[in-house]
Amino acid sequence: MTEPRTVWWEDGRVRMIDQTRLPAVEVILQFGTVDEVAEAIESMRVRGAPAIGVTAALGLALAAQAAASKPAAAFRAHLAAAAERLRRTRPTAVNLFWSIDRLLLLAEAEPDPARAAARLIAEAQAMVEEDVQINRAMGRHGAALLPERGGVLTHCNTGSLATVGYGTALGVVRAAVASGKTLHVYVDETRPRLQGMKLTAWELLRDGIPATVITDNMAGWVMRQGRVQAVIVGADRIAANGDTANKIGTYSVAVLARAHQIPFYVAAPLSTIDYSLADGDSIPIEERAAEEITHVGGQQLAPEGVTVYNPAFDVTPASLITAIITERGVAQPPSPASLARLIND
Ligand code: MRU
């Protein structure tokens, strides 16, 4: 392994950094069953659309490994049940479904269970490395869009931890800094799970990239003060017209960016674009437990019995997005035609 990974395959097991323990401690988990992997996705020990996709592929590889010596029908049934379990974990990030389908297609093409299992394990491992290459390509395409110097605001965590390594939106920031640009990153803390404050700030500190954490409700004022020259975020699912589902709060940031005439960029791999959906209205939005809102650090702060609404994502209309950066190039402005060109050219 050349650089640290968020999730990987080692000795027939899935290993990952436990993101729920960061930044306090770096704990490496290892799993041997698909149920353990599914639980890790649900409880957000691993999170971020590309990381979830690769983790699901590795989970399916575990299931294939466990059933490799079964008769063909039993092998297929085992794989189908494992895929179903993984599909139920988190509904919004389309990368999850994309990577499960990619492995199932391979399995269908190989009738012998042992050979199919070997192919699935190899493919899942290839997806680990492929993810980093995709992110680096995105960085190369996106770096030019960021200013030579100035403030860049980001939301949630889109770095190494949201992927296998390097990151999507944060990968673009990394590439821009590596190319000599002088950037200061404003990191939205990202209520309620605080991925910005806990994870993005941790990554940027380790990289030595100047960063300042703000609470989500400060973004407008920080823009008004002229501290932000660009916004860049990731995505969990992008519809064919460019409407983009991302961490709750992204839409508010996009509206603020438009009000202050600041460019608003989305960076995501092609596996995050769901060409089957015409627009963002039909993107499924995950709702998570009320405790994520009512409790802070394990302590209940809200009155007992209060009603809570906790959508984990929102949808930013394409009209508020300046450009979508992918590993195949930039869709600017995002539209059905500019996004279709990325896969057709
Ligand atoms: O709930 P999470 O932490 O999985 O949400 C993550 C995000 O919303 C990211 O911005 C998105 O997955 C893109 S990450 C490369």
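**Concerning the packing of helix H3 (residues 72-87) against helix H4 (residues 94-108)**
Each pair of packed helices gets described by two things: the angle between the helix axes and the distance between those axes. One can describe the packing of H3 onto H4 by two numbers: an axis separation of 10 Å at closest approach and a directional angle of 175°. When the axis of H3 is compared with that of H4, the two are roughly antiparallel. Contacts from Arg76, Leu79, Ala83, Leu86 and Arg87 in H3 reach Leu96, Phe97, Ile100, Asp101, Leu104, Ala107 and Glu108 in H4.

**Concerning the sheet that holds strand S11 (residues 273-274)**
An order of S11-S8-S9-S14 is seen for the 4 strands of this open sheet, with the pairing classed as mixed. The open sheet has two free edges, formed respectively by S11 and strand S14 (313-316), since each of these has just one partner strand. Examined bridge by bridge, strand S9 (residues 244-247) and S14 share 4 bridges and lie antiparallel to one another. Residue pairing in the sheet places Thr244 in a bridge with Thr316 of S14.

**So, unusual backbone geometry**
The phi angle of most residues is negative, glycine excepted, and most peptide bonds adopt the trans form. A cis amide bond links Leu22 to the next residue, Pro23, at an omega of 0°. For Leu194, which is not glycine, the phi dihedral falls at a positive 65°. Here Leu194 shows up in the loop between strand S5 (182-188) and helix H7 (195-207). A positive phi is found at Gln261, a non-glycine position, where the angle reads about 55°. Relative to the helices and strands, Gln261 is located in the loop between helix H9 (250-259) and strand S10 (264-267). Look at Gln261 and you get exposed, because its relative accessible area is 75%.

**Looking at H3**
Between its terminal C-alpha atoms H3 stretches 22 Å, which fits the 22 Å expected from 16 residues at 1.5 Å a residue. Looking at the buried side of H3, the elements it contacts are helix H1 (34-42), helix H2 (49-67), H4 and helix H5 (113-142).

**As for the site of the ligand**
The immediate surroundings of the ligand are formed by 18 residues, with Ala49, Arg90, Asp236, Asn246 and Lys247 found nearest. The side chain of Asp236 places a nitrogen or oxygen atom 2.8 Å from an oxygen atom of the ligand. The contact in question runs from an oxygen atom of the ligand to an N or O atom on the side chain of Asn246, over 2.6 Å. In the complex, 100% of the free accessible area of the ligand, which totals 410 Å², lies under the protein chains. For the ligand, the cavity whose grid points lie within 2 Å of the majority of its atoms is the largest cavity. Only H2 and S9 provide two or more residues apiece to the shell around the ligand. Residues that form the shell around the ligand fall into these classes: 7 nonpolar, 7 polar and 4 charged.

**Some points on the packing of H1 against H3**
Relative to each other, H1 and H3 sit at 15°, their axes nearing to 9 Å. With respect to H3, the axis of H1 lies roughly parallel. Here the hand of the crossing between H1 and H3 comes out right-handed. Mapping the contact onto sequence places Val34, Asp35, Val37, Ala38, Glu39, Ile41 and Glu42 in H1 and Ala82, Arg85 and Leu86 in H3. Here the contact of H1 with H3 is composed, by residue class, of 6 nonpolar, no polar and 4 charged.

**Side note on the pattern of salt bridges**
On inspection of all chains with the given rule, the structure shows 19 salt bridges. For Glu26, the salt bridge goes to Arg206, with nearest N and O atoms at 3.1 Å. Within this pair, whereas Glu26 is found in the loop between strand S2 (13-17) and strand S3 (28-31), its partner Arg206 is found in helix H7, the two being separated by 180 residues in sequence. Notably, a salt bridge pairs Glu42 with Arg85, separated by 2.9 Å at the nearest N-O pair. Taken together, the residues Glu42 in helix H1 and Arg85 in helix H3 connect sequence positions 43 residues apart. Bridged by salt links that share partners, the residues Arg90, Arg193, Glu286, Arg288 and Glu292 form one connected network.

Rules used in this analysis
Residues numbered from 1 in each chain as written. Predicted model: local features only at pLDDT ≥ 70, side-chain atom pairs only at ≥ 80, totals over all residues. Heavy atoms only, no water. Axes fitted to C-alpha atoms, helices over the stretch in contact; angles between N-to-C directions. Helix = DSSP H or I, 4+ residues; strand = E, 2+ residues; numbered from the N terminus. Parallel < 35°, antiparallel > 145°, perpendicular 65-115°, else oblique. Contact = heavy atoms within 4.5 Å. Pairing = 2+ DSSP bridges. Buried < 20%, exposed > 50% of the residue type's maximum accessible area, 1.4 Å probe, protein only. Expected span 1.5 Å × (residues − 1). Near = heavy atom within 4 Å. Polar contact = N/O pair within 3.5 Å; in protein donor to acceptor, adjacent residues only side chain to side chain. Areas by Shrake-Rupley, 256 points an atom, 1.4 Å probe, with all protein chains shown as cover. 1 Å grid on protein atoms, 1.4 Å probe; cavity = no way out; pocket = protein on both sides within 12 Å on 5 of 7 lines; lining within 4 Å. Sits in = over half its atoms within 2 Å of the grid points. Nonpolar A, V, L, I, M, F, W, Y, C, P; charged D, E, K, R; others polar. Left-handed = near helix turned anticlockwise from the far one by under 90°. Salt bridge = Lys/Arg side-chain N within 4 Å of Asp/Glu carboxyl O.

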